[in-house]
Amino acid sequence: MAFRLDEVRQGARNLLERCARTRAGDRLLIVHEPLDLTYYDPDLANIVADVGRAIGAEVTIVETPFDPVASKLPESLKPHMQASDQTVFLARIGDQIRFADIGTGSRAVISYALSKQMLGSAFGTANYDGFVALKDAIDQLIFCSDTIEVSCPSGTSFCGRAPRLDNNGGDTSICRFPMLIFTPVAAGGFSGKVAMPGFLLGTGSKYYQPYVHKFDGQVMAHFKDGRLTGFEGSHEDIKQAERHYDFVAHKYGIQRDYVHSWHAGIHPGCGYDQPIARDYERWGGSAFGNPRLLHFHTCGAYAPGEISWNITDPTVTIDGIDVWKDGVLHPENIPGGAEILAQYACCKATFENPTREIGY
């Protein structure tokens, strides 16, 4: 995926001005991982910092080590965040604690644009406010609906009713950039089966090993009222799936069969142009924003759990209307969706030229 530096800087300005709300005179903190790690592009921190200075912010860059089992904000970062107006995480710790109460007073943002190419593409440059408006419209539709049905070409079939929005409690405390999903839907009101795309994967909460478990054939996960009830597939695949759940649940002392919540991607500019087998961890931390993917949080009675299910090319039918159809999100089927795209031409362009690359 090619990029132009001016487009990357445009994406960085979108991140800072629209999402982080950085203004001249603000104190901006950028947190990055050690530069020898390959999860984030090592050039990103300096590019974002340069744009922050161009805006007129006072910029501080801090490196933080990667902790594969982090569950809270490192003590070393607290004074830096408390002294800042905004914090931008170009580091996995921001994703790991995205549901935690960080309590520092600094507006915190985690970037899911992991490379210059992603930041400079329509994923990073399309107006953040437009996708926030779309996300809010989808939330209103989902959490006021009576029935949601989900299917996919591989055999997924589940249905139920979302809780009312005020009682859902599934969204993050750290702002996402770009806005790539709607508020996760609590799964307690849903039952059915989910077709795995050939693997089980971690959720970006804890990076245990093995983080990915691959199957030889098609595997279905069955669940009822937010509880895993079993797997369908070959004898060996079922045995391995059960063993993987036993391993992760025992390792962290968590509720093995809890199915916490689910969401689908809403950003057609979110692409993943590398083979998933090259880096499952990196894929799991970015690709889920594409409308071709629907993502479950399972194994653990908390968001995001520790094992994800990923559905390919979902059809999501809300009160009888296909809002997603075979992995394509149709904003015109969302109340107010057409008006939002009319207001934000760059967001409309992402729907007219969607990225279909998801790594497999």
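Structure shown above.
These numbers were taken from a predicted model, which means no experiment stands behind them.

(A) Focus on the sheet that holds strand E4 (residues 107–111). The parallel open sheet is built from five strands, whose spatial order is E2-E1-E3-E4-E7. Strand pairing shows two members of the sheet lacking a second neighbour, strand E2 (58–63) and strand E7 (175–177), which therefore form its edges. On average, adjacent strands in this sheet sit at an angle of 25° to one another, irrespective of strand direction. As defined by bridge partners, strand E1 (residues 27–32) adjoins strand E3 (residues 86–90) across five bridges and the pair is classed as parallel. The residue bridging Leu-28 from the neighbouring strand is Gln-86, located in E3.

(B) Here's a closer look at the environment of Gln-255. Tracing the chain through its elements places Gln-255 in the loop between helix H8 (235–252) and strand E14 (259–264). Expressed as a C-alpha distance, the spacing of Gln-255 and Tyr-245, which sit 10 residues apart in the sequence, is 9.8 Å. Every residue in contact with Gln-255, bar those within four places of it in the chain, is listed here: Arg-227, Cys-299, Gly-300 and Ala-301.

(C) Examining the pattern of salt bridges more closely. Tallied over the entire structure, the rule returns 20 salt bridges. We note a salt bridge from Arg-356 to Asp-313, for which the minimum N-O separation is 3.9 Å. Taken together, the positions of Arg-356 in the segment after helix H11 (345–352) and Asp-313 in the loop between strand E16 (307–312) and strand E17 (315–318) put the pair 43 residues apart, joining distant regions of the chain. A residue is classified by how much of its surface remains accessible, and Arg-356, at 36% relative accessible area, is partly exposed. The class for Asp-313 is buried, based on a relative accessible area of 14%.

(D) Summary view of the sheet that holds strand E6 (residues 157–160). Sheet architecture is open: eight strands sit in the order E13-E12-E9-E6-E5-E17-E18-E19, paired in antiparallel fashion. The strands lining the two open edges of the sheet, one partner per strand, are strand E13 (227–232) and strand E19 (328–329). Judged from the three bridges that link them, E17 and strand E18 (residues 321–325) form a sheet pairing that is antiparallel. Its bridge partner being in E18, Val-316 is matched across the sheet by Trp-324.

(E) View of empty space enclosed by the protein. Per the stated rule, a full pass over the model turns up three cavities of 30 Å³ or more. Roughly 100 Å³ of volume is contained in the largest cavity. Surrounding the largest cavity, 14 residues form its lining, Arg-98, Thr-203, His-263, Phe-288 and His-295 being those nearest its centre. Residues that form the lining of the largest cavity fall into these classes: four nonpolar, seven polar and three charged. For the second largest cavity, the calculated volume is near 80 Å³. Contributing to the lining of the second largest cavity are His-32, Glu-33, Pro-34, Leu-35, Leu-37, Tyr-39, Tyr-40, Asp-41, Pro-42, Leu-44, Ala-45 and Leu-90.

Parameters and conventions
Residues numbered from 1 in each chain as written. Predicted model: local features only at pLDDT ≥ 70, side-chain atom pairs only at ≥ 80, totals over all residues. Heavy atoms only, no water. Pairing = 2+ DSSP bridges. Helix = DSSP H or I, 4+ residues; strand = E, 2+ residues; numbered from the N terminus. Axes fitted to C-alpha atoms, helices over the stretch in contact; angles between N-to-C directions. Contact = heavy atoms within 4.5 Å. Salt bridge = Lys/Arg side-chain N within 4 Å of Asp/Glu carboxyl O. Buried < 20%, exposed > 50% of the residue type's maximum accessible area, 1.4 Å probe, protein only. 1 Å grid on protein atoms, 1.4 Å probe; cavity = no way out; pocket = protein on both sides within 12 Å on 5 of 7 lines; lining within 4 Å. Points joined across faces, edges and corners; volume = space filled by probe spheres on them. Nonpolar A, V, L, I, M, F, W, Y, C, P; charged D, E, K, R; others polar.

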